[in-house]
Amino acid sequence: MWDDAFPSFLIGLREGLEAGLIVSILVATLVRADARSRLPQVWTGVLAAVALAMSFGAVLTFTAASLSATAQEAFGGTLSLVAVAFVTAMVFWMRRSARSLSGEIKEKVTSALGMGAGVLVVTSFLAVGREGLETALFLWTTAQAAGESAGPLTGAAVGLLLSAALCWGLYRRVLKINLTRFFTATGVVLIVIASGVLGYGLRDLQEGGVLPGSTAFAFDLSGSIDAGSWYGTLLQGVFNLTPAMTWLQVVGYGGYLAVVMTLFVRGVRATPPKQPAPAEPASDREAEAARPARRRPAWVVPVAVVTVPAVIAGLAVAFGRPKSAAGQTIAVSEKDCGKGFSAPKPGRQTFQMHNTGDKTSEVYLVDPATSAVYGEVEGLAPGTTRALVATVAGGTYAWRCVPSNGTAVTSKAVRVTGGGAAQAVVPASEKDLAGPLAQYKSYVGQGLATLGRQTHTLAADIQGNHLGQARADWLVAHRTYASLGAAYGTFEDFDQKINGRADGLPDGVQDKGFTGFHRLEYGLWHGESATSLTAPAQQLAADTAGLRSAFPHQDFDPSDLPLRAHEILENTLQFELTGDTDEGSGTNLATADANLAGTRELLTVLRPLLTSRSPHLLPTVDADIARLQQLLDAAHHGSSWTPVDRLDPSSRARLNGATGQLLEDLAPVPDLLEIRKSA
């Protein structure tokens, strides 16, 4: 989380120290002027500035949440550019003002003491409010880049707490900090970070359709750089550098960094003369004594300065976002499907789906012309209500209610105008998956025929006491089996016989129920004799022949096919990359390599369906596969493989990261190819 937290930590420390220094100078000046009675006015201004900053952050968050996905990208990109402008101005302003800040604030306080109470409130409010608004905007943009990570908020909180401690120390004169050097050093780092925010913002604007060139990449190193590694995460979190960047991002990043850093460094070298501090202000005790007694309660102004920004922010959120469809309760049943539905306004909407029938139902928000699905709720029991959230844009919408053991019904359609375009998934049918399933079953059938020959060869090796050759042939046969996608019961009971583990068996590796490849692996690599291994080897050959005969008649649901693309590598991550299934051969990575080959074959037969539904998915997945394949190849040396427990920590982390990233990018496949019942 540190990679996401560091930029926000630095901005929290920097902005907090700026605001804290101003407040410290205000307080110190009043104390030395013997005007402590005016301190509540300073704290009231500070409180108002904090309330304004928090309200501003709330407006940004809720306003963005009400937009469509494309509009969110454009909104976030625009605010990223504004944040870069604010941070740049702040860096240069503090470089110029660090030496004379104290004198300027003292001069303002001196002028304010002779005026009304509201002047000090306004002085402290303006002094702190600018930093508060900048902090809120910068945190919002970094939090958007970090996604669901709590790093930005955590880093900002730590930075603000540290800045408060430093300001207290400076006020109490227990700390001495060269503020000029501090603001110069942090300014350099912030310019680098701001250049990354600029690049991220430009990418958002490209994805939001505001700027061109979203597919014009200056470089794409995703096939050779592991985005999940510690260095990849650090570069992306701190500097917003990603393995693939467009030409616009690169030009914006490099141009900003070169120009702004040059101007900043030149300004640092041109050190202005130190300005003398103004004389201490005279005491205003006499003015305080002459002032009439306070007529309003002390709590009125602080409460007002907090309430007013909060109320304004609430009104901005309420009137600035599209009207929510949360009030629309939609009936779900064969008789009343879609009752209560009226055309919503564009934007992110929440519908309350209420099952008014007597059967458990599925319900989909669809385009009735294409059956493309915008949102769905499954397993809605009779009499229950659940929320369905979907982004609505220009187009035609209807509800499709699919009761269990009943007839699918489609409601009357409504037309929505404006709002751009919403992403929908074209449903797959059993007919769509019939061709890929036939291709995959043919692939598995050919593999089982090859496996049958290989296991007979292995059994003959052992029976002839050629154990060295048996070890080599064992690996060949086991890799063939691992490439056939035997995940989550694909081969029913045969998988346990052929590739079962000793875990859970009463006698472990000595148990009579321990059979198949791993039983032979244990014996071949633990010095067992050919005599003791002959029966298990012949049993493996017989079980393989039995699977080959049974497979054409086994039930293989077409809807299970897309699941295999994800499940095979889930097994790899759980068993092979942990070394959990190693019984002595140290060939887990060879098995992982075969699993990857099986996944690649599945994606080959599913490619036409996936390409038409999500054109950008497969290029990303292909890059992930190439990255993982490269890492596995690095562990392959001739006929041997590096055992998992002998990998160095960095290599092991890269393997786990690459597999995890591939799994994450494969996760949408089952949803994209889910078989949905149509009317």
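Cut-offs applied
Residues numbered from 1 in each chain as written. Predicted model: local features only at pLDDT ≥ 70, side-chain atom pairs only at ≥ 80, totals over all residues. Heavy atoms only, no water. Helix = DSSP H or I, 4+ residues; strand = E, 2+ residues; numbered from the N terminus. Buried < 20%, exposed > 50% of the residue type's maximum accessible area, 1.4 Å probe, protein only. Contact = heavy atoms within 4.5 Å. Areas by Shrake-Rupley, 256 points an atom, 1.4 Å probe, with all protein chains shown as cover. 1 Å grid on protein atoms, 1.4 Å probe; cavity = no way out; pocket = protein on both sides within 12 Å on 5 of 7 lines; lining within 4 Å. Points joined across faces, edges and corners; volume = space filled by probe spheres on them. Nonpolar A, V, L, I, M, F, W, Y, C, P; charged D, E, K, R; others polar. Salt bridge = Lys/Arg side-chain N within 4 Å of Asp/Glu carboxyl O. Expected span 1.5 Å × (residues − 1). Bend = angle between axes of the 7 residues up to and from the residue. Pairing = 2+ DSSP bridges. Axes fitted to C-alpha atoms, helices over the stretch in contact; angles between N-to-C directions. Core = buried A, V, L, I, M, F, W, Y, C linked by side-chain atoms within 4.5 Å. Phe/Tyr/Trp six-rings, centres within 6.5 Å; stacked < 30°, edge-to-face > 60°. Disulfide = S-S within 2.5 Å.

Engineer: Just give me the short version of the overall build of the protein chain, but keep the residues and values in it.
Structural biologist: Along its length, the protein chain carries 21 helices and twelve strands. When each of the 679 residues of the protein chain is scored for burial, the buried share is 48%. A separation of at least 24 residues holds for 76% of the contacts in the protein chain among residues at least 6 apart in sequence. Per element, the accessible surface of the protein chain, about 31600 Å² overall, is 59% carbon and sulfur.

Engineer: Would you mind going over empty space enclosed by the protein in detail, with residue names and values included?
Structural biologist: The final tally for this structure, using the stated rule, is three cavities of 30 Å³ or more. Size it by volume and the largest cavity reaches roughly 40 Å³. Looking at the largest cavity, the residues that line it are Trp474, His478, His518, Glu521, Glu576, Thr581, Asp582, Ser585, Thr587, Asn588 and Thr591. Taken together, the elements giving at least two residues each to the lining of the largest cavity come down to helix H13 (467-482), helix H15 (517-524) and helix H18 (588-613). Classifying every residue of the lining of the largest cavity by side-chain character gives one nonpolar, seven polar and three charged.

Engineer: Would you mind going over the pattern of salt bridges in detail, with residue names and values included?
Structural biologist: Where charged atoms from two side chains of opposite charge approach closely, those side chains can pair. A full pass over the atoms with the stated rule returns nine salt bridges. In this structure, Arg564 engages Glu567 in a salt bridge whose closest nitrogen and oxygen atoms are separated by 2.4 Å. Linking Arg564 with Glu567, this pair stays in helix H17 (residues 561-576), spanning three residues, or about one helical turn. The exposure classification of Arg564 matches that of Glu567, with both residues buried. A salt bridge links Arg627 to Asp624; the shortest N-O distance between them is 3.0 Å.

Engineer: I'd like a rundown of H18, residues and numbers included.
Structural biologist: Its 26 residues give H18 an end-to-end C-alpha distance of 35 Å, which sits within 8% of 38 Å, the value for a rise of 1.5 Å per residue. The axis of H18 is deflected most strongly, by about 60 degrees, at Leu606, and proline Pro608 appears within four residues downstream.

Engineer: Run through the environment of Ala369, naming residues and quoting values.
Structural biologist: Assignment of secondary structure puts Ala369 in the loop between strand S5 (361-367) and strand S6 (372-380). Between the C-alpha atoms of Ala369 and Ala413, which are 44 residues apart in sequence, the distance is 9.8 Å.

Engineer: Quick rundown of unusual backbone geometry? Include the residues and the values.
Structural biologist: The backbone phi angle of Ser371 is positive, close to 65 degrees, even though this residue is not glycine. Along the chain, Ser371 turns up in the loop between S5 and S6. The phi angle at Asn405 is positive, at roughly 55 degrees, despite the residue not being glycine. Counting through the fold element by element, Asn405 comes out in the loop between strand S8 (395-403) and strand S9 (409-410).

Engineer: Could you give an account of the sheet that holds strand S7 (residues 385-392), naming the residues involved and the relevant values?
Structural biologist: Read across the sheet, three strands follow the order S3-S4-S7 without closing on themselves; strand pairing throughout is mixed. Across the chains shown, the open sheet's two edge strands, defined by having one partner strand only, are strand S3 (329-332) and S7. Looking at each pair of strands side by side, their axes are set apart by 35 degrees on average, direction ignored. Pairing between strand S4 (residues 347-355) and S7: eight bridges, direction antiparallel. Each residue of the ladder has a partner; that of Phe351, found in S7, is Leu388.

Engineer: I'd love a proper account of the environment of Leu190, names of residues and values included.
Structural biologist: Mapping Leu190 onto the fold places it in helix H7 (residues 179-207). Separated by 102 residues in the primary sequence, Leu190 and Thr88 place their C-alpha atoms 8.3 Å from one another.

Engineer: So, the pairing of S8: which residues are in play, and what are the values?
Structural biologist: Most of S8 sits inside the fold, with eight of its nine residues counted as buried. As paired strands, S5 and S8 are joined by six bridges and run antiparallel to one another. Across the sheet, residue Val363 finds its bridge partner in S8, namely Cys401. Strand direction decides the pairing type here: S8 and S9, joined by two bridges, are antiparallel. Looking at the pairing, Arg400 lines up with Thr410 of S9. Taken together, S8 and the strand that follows it, S9, pair antiparallel across an intervening segment of five residues, in which Asn405 is found at a positive phi of about 55 degrees.

Engineer: Before we move on, could you go through the nonpolar core and cite the residues and values that matter?
Structural biologist: Formed by 63 residues in total, the largest nonpolar core has its most connected members in Ile462, Phe491, Phe517, Leu520, Leu589, Leu610 and Leu662. When residues of this core are assigned to their parent elements, the largest contribution, ten residues, is made by H18. The residues contacting Ile462, other than those within four sequence positions of it, are Leu467, Ala470, Leu520, Ala530, Leu533, Thr534 and Ala537. Core analysis: the next-biggest nonpolar cluster, separate from the first, contains 20 residues, Tyr374, Val377, Val392 and Val414 among them.

Engineer: Provide a residue-level description of H13, including the pertinent values.
Structural biologist: An ideal rise of 1.5 Å per residue puts 22 Å on 16 residues; H13 measures up with 22 Å between its terminal C-alpha atoms. Taken residue by residue, H13 has Leu467, Ala470, Asp473, Trp474, Leu475, Ala477, His478, Thr480, Tyr481 and Ala482 as its buried positions. Against the buried residues of H13 lie helix H12 (430-463), helix H14 (494-499), H15, helix H16 (530-550), H18 and strand S12 (640-641).

Engineer: Provide a residue-level description of the packing of aromatic side chains, including the pertinent values.
Structural biologist: What describes a pair of aromatic rings is the distance from one ring centre to the other and the angle between the planes of the rings. Taken as a whole, this structure holds eleven aromatic pairs when the rule is applied. Geometrically, the ring pair formed by Trp474 and Trp525 is edge-to-face, given 5.4 Å between the ring centres and 70 degrees between the ring planes. With Trp474 in helix H13 and Trp525 in the loop between H15 and H16, this pair connects stretches of sequence that are 51 residues apart. Classification of Trp474 as buried rests on a relative accessible area of 1%. Residue class for Trp525 comes out partly exposed when judged on its relative accessible area of 28%. Ring geometry for Tyr481 against Phe491: centres 5.9 Å apart, planes inclined by 55 degrees, an arrangement best described as tilted. Of this pair, Tyr481 sits in helix H13 while Phe491 sits in the loop between H13 and H14, and the two are ten residues apart along the sequence. Relative accessible area serves as the criterion here: at 1%, Tyr481 is assigned to the buried category. Look at Phe491 and you get buried, because its relative accessible area is 0%.

Engineer: Give me the lowdown on the pairing of S5, citing residues and values where you can.
Structural biologist: With six of seven residues buried, S5 is to be regarded as a mostly interior element. As defined by bridge partners, S5 adjoins S6 across six bridges and the pair is classed as antiparallel. By the bridge assignment for S6, Ser361 is matched with Leu380. What sits between S5 and S6 in their antiparallel hairpin is a turn of four residues, with Ser371 showing a positive phi close to 65 degrees.

Engineer: I'd love a proper account of the state of the cysteines, names of residues and values included.
Structural biologist: A full pass over the atoms with the stated rule returns one disulfide. Covalently, Cys337 is tied to Cys401 through a disulfide, its sulfur atoms 2.1 Å apart. What sets the handedness of the Cys337 and Cys401 disulfide is the S-S torsion sign, and at about 85 degrees it is right-handed. With a gap of 64 residues between them, Cys337 in the loop between S3 and S4 and Cys401 in strand S8 connect regions that are remote in the sequence. Its relative accessible area of 11% is what places Cys337 among the buried residues. A residue is classified by how much of its surface remains accessible, and Cys401, at 0% relative accessible area, is buried.

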